[in-house]
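Coordinate inspection notes
Spelled out from the first residue to the last, the chains are:
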Amino acid sequence: MSLCGLRVDLQQVDLDRGGRAVLRDINWTIEPGQRWALTGANGAGKTQLLKLVSGALWPTPTGRERRSYWLAGERHDSPAVVLDEIAYVGAERQDRYERYDWNFTVAAVVGTGLYRTDIPLDRLSAADRHRIDQVLGELGIAALARRRFLTLSYGERRLVLLARVLAARPKLLLLDEAANGLDAENHARWLRWLESTDRTPLSWVLGTHHANDIPACITHSLSLEGGRIVSQQRASATTVRRALRHSEQPRRRVQGAHRKTRSRGQLHPRAALVPIVSLQNASVYLDGHRALVDVSMAVRPGEFWVVTGRNGSGKTTLLRTLYGDHGVAAGGKIERRGIAVGVSLEHFKRRVAYVAPHLQAEQPRALPVLEAVASGRHASVGLNEALSGVDRTAAQRALRQFGARQLATRPLVELSYGQLRRVLFARAWVDEPCIALLDEPFAGLDPATRADLLERTQQFVVAGGACVLATHNPGDTPRSGVGIIRIRAGRVRLEC
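Residues numbered from 1 in each chain as written. Predicted model: local features only at pLDDT ≥ 70, side-chain atom pairs only at ≥ 80, totals over all residues. Heavy atoms only, no water.

Comments concerning the overall build of the protein
Our working rule: Labels follow the DSSP assignment, with helices taken as runs of H or I lasting at least four residues and strands as runs of E lasting at least two, numbered in each case from the N terminus. To get the radius of gyration, use the C-alpha atoms; to get the globule rule, take the number of residues to the power 0.38 and multiply by 2.2 Å. Throughout, exposure labels follow a simple rule: accessible area from a 1.4 Å probe, protein chains only, divided by the maximum for the residue type, with under 20% read as buried, over 50% as exposed, and the rest as partly exposed. Any two residues whose heavy atoms approach within 4.5 Å are treated as being in contact. Areas reported as accessible are Shrake-Rupley estimates using a 1.4 Å probe. Residue values count occlusion only from the protein chains shown. Counted charges follow a simple rule, with Lys and Arg positive, Asp and Glu negative, and His plus the chain ends left uncounted. Throughout, a charge is located at the NZ atom of Lys, the CZ atom of Arg, the CG atom of Asp or the CD atom of Glu.
A tally of regular secondary structure across the protein gives 16 helices and 19 strands. Taking 496 residues into account, the globule formula puts the C-alpha radius of gyration at 23 Å, and the protein, at 23 Å, falls close to it. Dimensions of the protein, computed from the C-alpha atoms along their principal axes, are close to 75 × 50 × 45 Å. Across the 496 residues in the protein, those meeting the buried criterion constitute 56%. Considering only contacts in the protein between residues 6 or more positions apart, those separated by 24 or more positions represent 69%. As displayed, the protein offers around 21,100 Å² of accessible surface, 48% of which is attributable to carbon and sulfur atoms. Across the protein, 70 positive and 49 negative side-chain charges occur, with their mean positions spaced 5 Å apart.

Here you go:
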């Protein structure tokens, strides 16, 4: 056993949450220097397993379970002694910054990793600043150091949080869909960094659904199904990638059925004349930075627009502007169907199916699913009043529509990432929307869930709705019948 690394040993471990079996009979050892791919469908238990390893969750007591951590030749049966040696990167920490409005500079966020704090509490020394500059440089994001965290794109935030944990030089890194939201350039940079770890004693576990997330230096793979390990073995990148691509085959078969989707040229002429929302010469400023520049565009019934662009180009800002979260600077204009002087913007928001990472972050974790879905009728976070009969009926209908009725009574905190995303789709569609604004809506989802939700979105457009979808993954969009919105440094180019 290496004395400079960390070994984790799980034997006959079970995990229950809310009285439900989540993991069963887990036997797994992570040795120093090993690099694992963790795979399985949404709800298989990947995130819960990573949290169990990290010490964030405790095994269900059965009298036979053992969770041991070996460091410097000594065994510890509690993770408390080794917590500083384990780093976790996933959506939840990123969500926390949004939820609590922690808008610190990037350098300050990375600095909190040195002292294992949520917010900056300690004055950074010259050595600290040197380490921060070093790790930002290694990830190719040194230019972001003085930017405010909440002004960054989703992908930029993910890289900053990776820098945060790397600053502390952990011995075990747990990566839970850590590449979500990265554009092609940043994804390549992230992969190059993972490849560089094969020359170090750092161990890591990468949970992913995507073959292109797997670096060549992978050494082992573990697959979960229904909370149980179905395989664990030494593995090559080729083997793991092949298995993940095979799991995507149902996705491609579903896409073939999408070719009947009505293209923009086949719209009913009368419907096409009246935009649901439009921008004219619209600029948007965030934290003194011009995030959108003189944008002119319109979205009409029956249209499906796909927004592309690099991290930080303005995709999320565009969607949040269309929704009403950001105002347009003087000299520009935004018009929304049905909204005139004296009519509240909330009337429009209630007719928008809006799915975005920050909405997932804002939902109270203890909130029951049914209430979370019903809150979409009021464009609110949670409910200010008791659930009404109308709310309940609408929420139940939306959950049925998105195949999530069985989740109605469960709190959000018990859901897998994929289950929670399906619930957010139900929330978005709870009040018969006329337009869908979807920001990386399929990130972190397995192929079957992605295919199902994309199919439902396309059916919505064919029926006369409209959709604007921002993504970095071409496989997350219809093959035909779409218009492209390309954004570069806040400037928009439309391609029909």
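Notes on the packing of aromatic side chains
Put simply, the rule is: Note on aromatic contacts: the rings of Phe and Tyr and the six-membered ring of Trp form a pair at centre separations within 6.5 Å, being stacked when their planes are under 30 degrees apart, edge-to-face when over 60 apart, and tilted otherwise.
Within the structure shown, the criterion is met by ten aromatic pairs. Where tyrosine 97 meets phenylalanine 149, the ring centres are 4.7 Å apart and the plane angle is 40°; that geometry is what we call tilted. One end of the pair, tyrosine 97, is in helix H2 (residues 91-99); the other, phenylalanine 149, is in the loop between helix H4 (126-138) and helix H5 (154-167), and 52 residues separate them in sequence. Classification of tyrosine 97 as buried rests on a relative accessible area of 0%. Here the aromatic residues Phe402, Phe425, Trp429, Phe442 and Phe460 are joined through ring pairs into a cluster of three or more.

Looking at the packing of H2 against H5
Filter applied, for reference: Axes here refer to lines fitted to C-alpha atoms; in helices the fit is confined to the stretch in contact. Angles between the N-to-C directions go from 0 to 180 degrees. What sets the label is the angle itself: under 35 degrees gives roughly parallel, over 145 gives roughly antiparallel, 65 to 115 gives roughly perpendicular, and the rest give oblique. Should the near helix be turned counterclockwise from the far one by less than a right angle, the crossing is left-handed, whereas a clockwise turn marks it as right-handed. Three classes are used: nonpolar for Ala, Val, Leu, Ile, Met, Phe, Trp, Tyr, Cys and Pro, charged for Asp, Glu, Lys and Arg, and polar for all others, with Gly counted as polar.
Closest axis-to-axis distance for the H2/H5 pair is 10 Å, and the angle between their directions is 110°. Here H2 is positioned roughly perpendicular relative to H5, judged by the angle of their axes. Taken as a pair, H2 and H5 cross one another with a handedness that is right-handed. Here H2 contributes Ala91, Arg93, Gln94, Tyr97 and Glu98 to the contact with H5, which in turn contributes Tyr154, Arg157, Arg158, Leu161 and Arg164. Considered class by class, the residues forming the contact of H2 with H5 number four nonpolar, one polar and five charged.

Topic: the packing of helix H3 (residues 106-115) against H4
Between H3 and H4, the shortest axis-to-axis distance is 10 Å and the interhelical angle comes to 110°. When the interaxial angle is binned, H3 and H4 end up roughly perpendicular. Of the two possible hands of crossing, H3 and H4 adopt the one that is right-handed. Contacts between H3 and H4 pair Val106, Ala107, Val110, Gly111, Leu114 and Tyr115 from the former with Asp128, Arg131, Ile132, Val135 and Leu136 from the latter. For the contact of H3 with H4, the per-class residue count stands at eight nonpolar, one polar and two charged.

Examining unusual backbone geometry
A positive phi angle is found at glutamine 12, which is not glycine, with a value near 50°. Turning to its location among the elements, glutamine 12 is positioned in strand S1 (residues 6-17). Its relative accessible area of 35% is what places glutamine 12 among the partly exposed residues. Non-glycine residue alanine 72 carries a positive phi angle of around 55°. Residue placement: alanine 72 occurs in the loop between strand S4 (66-71) and strand S5 (74-76).

Looking at the pairing of strand S15 (residues 352-355)
Condition: A pair of strands counts as paired when DSSP detects no fewer than two bridges linking them.
Neither face of S15 is open: one carries Val352 and Tyr354, the other Ala353 and Val355, and all of them are buried. Alignment of S15 against strand S16 (residues 435-439), held across four bridges, turns out to be parallel. The residue of S16 that forms the bridge with valine 355 is leucine 438.

Remarks on the pairing of strand S9 (residues 220-225)
Each regular strand carries side chains that alternate between the two faces of the sheet. Of all the six residues making up S9, five are buried; the element is thus mostly covered by neighbouring parts of the structure. Note: S9 against strand S10 (residues 228-234), six bridges, orientation antiparallel. Note that in S10 the partner of glutamate 225 across the bridge is arginine 228. The hairpin formed by S9 and S10 contains two residues between the paired strands, and glycine 226 there has a positive phi angle of roughly 60°.

Considerations on the confidence of the model for the protein
Keep this limit in mind: pLDDT measures how confident the predictor is about each residue, on a scale from 0 to 100.
Overall, the predicted model of the protein reaches an average pLDDT of 89, with 94% of residues at or above 70. The low-confidence segment residues 250-271 (pLDDT under 50) makes 37 contacts with residues lying over four places distant or belonging to another chain.

A short note on the pattern of salt bridges
The test is simple: Every case where a carboxyl oxygen of Asp or Glu lies within 4 Å of a side-chain nitrogen of Lys or Arg is listed as a salt bridge.
Enumeration over the complete set of coordinates arrives at 27 salt bridges. Across the pair aspartate 325 and arginine 320 runs a salt bridge, and its minimum N-O distance is 3.2 Å. By relative accessible area, aspartate 325 is classed as partly exposed at 28%. Three or more residues are tied together by salt bridges with common partners; here these are Glu98, Arg157, Arg320, Asp325 and Lys349.

Considerations on the sheet that holds strand S19 (residues 491-495)
Pairing within the open sheet is mixed, and its six strands lie in the order S15-S16-S17-S13-S18-S19. In this open sheet, the two strands that pair with only one neighbour each are S15 and S19. Each strand of the sheet is rotated relative to its neighbour by a mean of 15°, with strand direction disregarded. Bridge count for strand S18 (residues 483-488) against S19 is five bridges, and the pairing is antiparallel.

Observations regarding the sheet that holds S5
Pairing is antiparallel in the open sheet, where four strands are placed in the order S2-S1-S4-S5. With partners counted over all chains shown, the strands left at the sheet margins are strand S2 (20-30) and S5, one partner each. The sheet shows a mean angle of 20° between the axes of neighbouring strands, taken without regard to direction. Judged from the three bridges that link them, S4 and S5 form a sheet pairing that is antiparallel. Paired with tryptophan 70 across the two strands is arginine 75, which belongs to S5.

Some words on the state of the cysteines
Put plainly, two cysteines are in a disulfide when a covalent bond ties their sulfur atoms together. Basically, it comes down to this: Only a pair of cysteine sulfur atoms within 2.5 Å counts as a disulfide in this structure description.
By the definition in use, this model includes zero disulfides. Left unpaired, cysteine 467 is separated from the closest cysteine sulfur, that of cysteine 434, by 12 Å. For cysteine 467, a relative accessible area of 0% translates into the label buried.

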